[in-house]
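This is what each chain is made of:
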Amino acid sequence: MLRPERMRRLLIAAPKGEIDTIVRELYRHNVYHIEDFVPESESAEALSIGHPLPGASDVASALNDVRAIENACGINPDNVETREKLPASKVREMIRTDLPAILEEVKGLVATRSRLEARQKEHEQRARELEPFAAVPLDLDLYHGYTRFTVFTGHIARDVSIDVPHEKYFSDRVDGNMIVVVVQNEYREQVERALLDAGFQAIPVPEGTGSPAENQKAHLAEVQSASTEIAEVNKEIARIRERHTDFLVACDELLTAEVERAEAPLRFATTEETFITEGWVPDDRADRIRQALEKVTNGRIYIEELEVDDAARVPVEYENPSFASPTQVLMDIYARPRYSELDPTLMVAIVFPIFFGLILGDVGYGAVLLFLSLGLRKFLKGDEGRMLLKVLSFASISSIVFGILYSEFFGFALPWNAVLFSRHLNIGGEVHGHGPQVAELMIVSIWIGVLHITLGRILGMINARKFHHGKHATKAVIANAGWLGTMWGILILIWSFYAIPMMPDLTGFPVAIAVGVVLLVAGVLGIAQENPLEIVELPTIISHVLSYARLVAVGLSSVAIAMVINFIAIGMMIEPQLEAITPIGVIAIIVGILVFLVGHVLNTALGLLGGGLHSIRLHYVEFFTKFYKGGGKKYNPFGMKSRFTEE
Amino acid sequence: MVDFGTAELTLEMVQASQLGMRALGAGLAIGLTGIAAGVAEMAIGSAAVGATAENRDVFGLVLLLTVIPETIVISGLVVALLLLF
């Protein structure tokens with residue numbers, strides 16, 4: 001909690017004979033983060049990168065086959081629900097016996113399908129070429145084979161009259177019209193000019209004999225038959241998918257694991273007889289894996305725990321209570337914490353939903369989003385997506401709670417007055433109870449900002465001691481305290497000049513002015529002693545605190561939109577019509593209902609975007625900049641959680 | 001004779017007109033600062049998207065850079081709310 005999981009750095013050395021056993025054991029435990037071995041050219045000892053285990057290339061090519069089949073059948077292992085775990089030995093057996101046959105079949109089907117598709121395209125093309133000619137009552141063989149005549153065929157903007165002896169067919173039944181003109185060769189240029197003046201575009205005469213319409217029909221029939229056959233093949237592929245999905249994803253998993261294991265030595269350092277690997281293991285699992293390794297190798301292994309000298313090299317894994325762990329996805333979007341710094345996930349997990357609720361405090365919208373986040377869980381299979389949905393469901397619960405406090409339901413008032421401050425705007429002139437208490441809400445948001453930023457700065461002081469050493473650490477701590485002092489100094493000065501509701505009233509105490517000035521001056525000095533250039537950043541103190549006003553502003557805008565929708569839909573369209581129902585009135589009522597539905601759907605989307613983005617932005621920009629660096633390396637243990645197979 | 005030339009200016013009318021002016025001022029404060037923030041974020045945003053496409057790790061940093069001009073519209077918002085309430 002509040003810091004990444006503690007890691008231990010292990011060095012494992014063993015004879016090459018044990019490499020297979022050790023890799024297998026490490027893979028099974030799925031906790032060892034391998035630090036890749038990088039050979040140094042100047043290294044005195046003859047260390048080199050290891051070679052893949054025997055059989056690696058066979059496994060890799062089998063995996064390729066499996067992936068090819070999955071691709072052709074449109075199977076994505078991430079989206080497959082686990083029905084039952086297949087025993088690994090059985091899967092191995094089936095890879096030898098069944099896989100080649102399936103591969104052959106799928107390859108054959110895919111080849112057939114692409115041949116059919118090519119045929120379909122070709123006939124479609126032919127039919128398209130014939131289309132303009134079908135409008136002219138001439139057989140295709142009448143278009144060519146003349147020595148004394150020239151045939152013009154093409155699209156034209158309008159019909160033209162030709163003043164030389166000719167034969168002409170014009171049709172406006174096709175797109176761009178169709179004209180066919182046959183003239184003697186000596187009039188050729190003259191006619192061509194006349195045609196070009198009318199926007200003539202020549203099109204070539206398709207090959208073939210007989211009536212174009214019949215030809216076209218034949219081609220279309222071919223297209224039809226090809227697409228039936230394609231559908232047939234697709235059905236066949238779907239049948240294979242239906243029957244073999246479980247087996248294929250199990251193969252994929254098993255082979256992927258084998259390839260990863262076989263290629264692990266590429267990340268180890270080896271000498272002639274031994275291999276060495278360095279890596280990271282979570283603190284609480286280190287002893288267990290040590291014992292396990294010693295047991296499987298009968299002690300033919302040397303394990304040493306190395307000191308953690310450079311915190312930047314340690315892989316980072318979150319360690320959070322289960323309710324906070326979905327929020328890690330929001331942290332990863334920004335940056336994973338470094339090993340040495342505070343992990344603010346827990347704070348974000350608590351504060352983010354509160355901000356979201358403050359902005360989108362509406363029982364109706366909250367309920368819609370809650371159902372949405374629960375319903376989408378079935379369709380989103382990825383880990384990240386699921387975590388985001390969990391964050392959303394927490395946020396929407398908070399939204400419902402705040403909706404009860406604000407007394408809001410899709411912009412309508414609930415049967416009680418707002419427990420917190422009211423956000424009911426005077427839209428449509430029918431405000432009940434309290435009007436909007438915007439000033440109070442603003443002051444609350446400023447308070448939230450001041451406290452949130454103060455928390456950030458305090459965390460900044462703690463982090464500063466972890467990032468820097470000696471004199472520099474002290475300087476950084478003082479600078480953080482300086483920012484804090486400046487902010488509170490400004491606040492106290494404001495309080496001692498103006499009496500602001502819901503904030504301490506210090507107007508009667510001259511001492512307060514002195515305290516404020518001292519805090520302000522000391523704070524500025526504290527900032528300047530670390531880096532005088534930071535002074536130009538002083539206005540951010542005010543802008544960052546005021547930035548929290550968006551908690552009110554974005555929320556009010558969503559309330560306003562909701563109330564406007566209600567007023568237009570109900571107040572202006574539905575209610576007046578209900579007094580005396582007429583046929584036009586019924587239409588108006590239906591339109592009103594449509595406006596109501598579309599408006600609220602849009603406003604839900606806006607509320608989700610506004611509430612989510614602005615809350616997370618307040619964390620990223622206003623909160624994290626005070627203390628958080630991030631940029632830790634992701635802990636990526638060697639191994640896999642098996643979903644479809646079991647040993 | 002009835003004099004149509006001068007209308008009587010009652011206190012209510014003055015108050016209503018002042019209220020309207022305040023609303024106008026608030027609207028201008030939000031609208032103009034919104035345009036300003038948008039113009040300022042335009043270039044930063046497109047550069048930020050480009051940078052993120054090249055390297056996803058800079059997302060946090062470029063988000064910070066993109067939202068810096070939002071300060072403008074926040075001050076506009078504060079002014080508008082102070083005018084209205």
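For the structure, see preceding data.
Here goes a summary of the coordinates provided.

Rules and cut-offs
Residues numbered from 1 in each chain as written. Chains lettered and ligands numbered in written order. Predicted model: local features only at pLDDT ≥ 70, side-chain atom pairs only at ≥ 80, totals over all residues. Heavy atoms only, no water. Helix = DSSP H or I, 4+ residues; strand = E, 2+ residues; numbered from the N terminus. Rg over C-alpha atoms; globule rule 2.2 N^0.38 Å. Buried < 20%, exposed > 50% of the residue type's maximum accessible area, 1.4 Å probe, protein only. Contact = heavy atoms within 4.5 Å. Areas by Shrake-Rupley, 256 points an atom, 1.4 Å probe, with all protein chains shown as cover. Lys, Arg positive; Asp, Glu negative; His and termini not counted. Charge placed at Lys NZ, Arg CZ, Asp CG, Glu CD. Phe/Tyr/Trp six-rings, centres within 6.5 Å; stacked < 30°, edge-to-face > 60°. Patch = residues over 30% accessible without salt bridge, like charges linked within 9 Å, V, L, I, M, F, W, Y side chains within 5 Å. Salt bridge = Lys/Arg side-chain N within 4 Å of Asp/Glu carboxyl O. Buried area = accessible area lost by both parts, 1.4 Å probe.

**A look at the overall build of chain B**
Here's step 1: When helices and strands are counted, chain B shows three helices and zero strands.
Here's step 2: Ordered by position in the sequence, the α and β elements of chain B form the string α-α-α.
Here's step 3: The C-alpha radius of gyration of chain B comes to 22 Å, more than 25% above the 12 Å expected for a compact globule of 85 residues.
Here's step 4: Overall, the C-alpha framework of chain B stretches about 80 × 20 × 10 Å when taken along its three principal axes.
Here's step 5: Buried positions account for 24% of the 85 residues belonging to chain B.
Here's step 6: Summarising the internal contacts of chain B: among those between residues at least 6 apart in sequence, 74% fall at separations of at least 24.
Here's step 7: Accessible surface computed for chain B: about 5,900 Å², of which carbon and sulfur atoms make up 73%.

**Regarding the overall build of chain A**
Here's step 1: Helices and strands together make up the secondary structure of chain A, namely 17 helices and 16 strands.
Here's step 2: The C-alpha atoms of chain A give 38 Å as radius of gyration, which overshoots the globular expectation for 647 residues (26 Å, by more than 25%).
Here's step 3: Structurally, chain A occupies a C-alpha span of about 115 × 90 × 50 Å along its principal axes.
Here's step 4: Counting only residues that meet the buried cut, chain A has 44% of its 647 residues in that class.
Here's step 5: The long-range fraction of contacts in chain A, counting pairs at least 24 apart against all pairs at least 6 apart in sequence, stands at 79%.
Here's step 6: Taken as a whole, chain A presents about 33,400 Å² of accessible surface, with 59% of it coming from carbon and sulfur.
Here's step 7: Distance between charge centres in chain A, computed from 60 positive and 80 negative side chains, equals 4 Å.

**Some details on the packing of aromatic side chains**
Residues and elements named next belong to chain A.
Here's step 1: One pass over the structure, following the stated rule, counts 22 aromatic pairs over all chains.
Here's step 2: On the basis of an interplanar angle of 85 degrees and a centroid distance of 6.1 Å, the ring pair of tyrosine 146 and phenylalanine 149 is categorised as edge-to-face.
Here's step 3: Under the relative-accessibility criterion, tyrosine 146 is labelled partly exposed at 37%.
Here's step 4: Residue phenylalanine 149 is classed as partly exposed on the basis of its relative accessible area, which comes to 36%.
Here's step 5: Considering the side-chain rings of phenylalanine 355 and tyrosine 548, the 6.0 Å spacing of their centres and the 80 degrees angle between planes classify their relative orientation as edge-to-face. Placement of phenylalanine 355 in helix α9 (residues 345-359) and of tyrosine 548 in the loop between α15 (539-547) and α16 (550-579) is noted, with a sequence separation of 193 residues between them. The residues phenylalanine 355 and tyrosine 548 share a single accessibility class, namely buried.
Here's step 6: Of the aromatic side chains, those joined through ring pairs into one cluster are Tyr334, Tyr620, Phe623, Phe624, Phe627 and Tyr628.

**As for a nonpolar patch on the surface**
All names here are of chain A.
Here's step 1: A cluster of nonpolar side chains, Leu578, Ile581, Val586, Ile590, Leu594, Val598 and Leu602, forms an exposed patch at the surface whose accessible area comes to about 660 Å².
Here's step 2: At five residues, the largest contribution of residues to the nonpolar patch is made by helix α17 (residues 583-623).
Here's step 3: In this fold, leucine 594 is placed in helix α17.

**Structural notes on the interface of chain B and chain A**
Here's step 1: Facing the twelve residues of chain B at the interface are 15 residues of chain A.
Here's step 2: When the two sides are added together, the surface that chain B and chain A hide from each other amounts to roughly 1,300 Å², 81% of it contributed by carbon and sulfur.
Here's step 3: Among the residues chain B hides against chain A, the three largest losses belong to Leu64(B), Ile74(B) and Phe85(B). Together they make up 33% of the total.
Here's step 4: Joining chain B to chain A, the criterion identifies two salt bridges.

Keep in mind that these numbers describe shape and distance, not what the molecule does.
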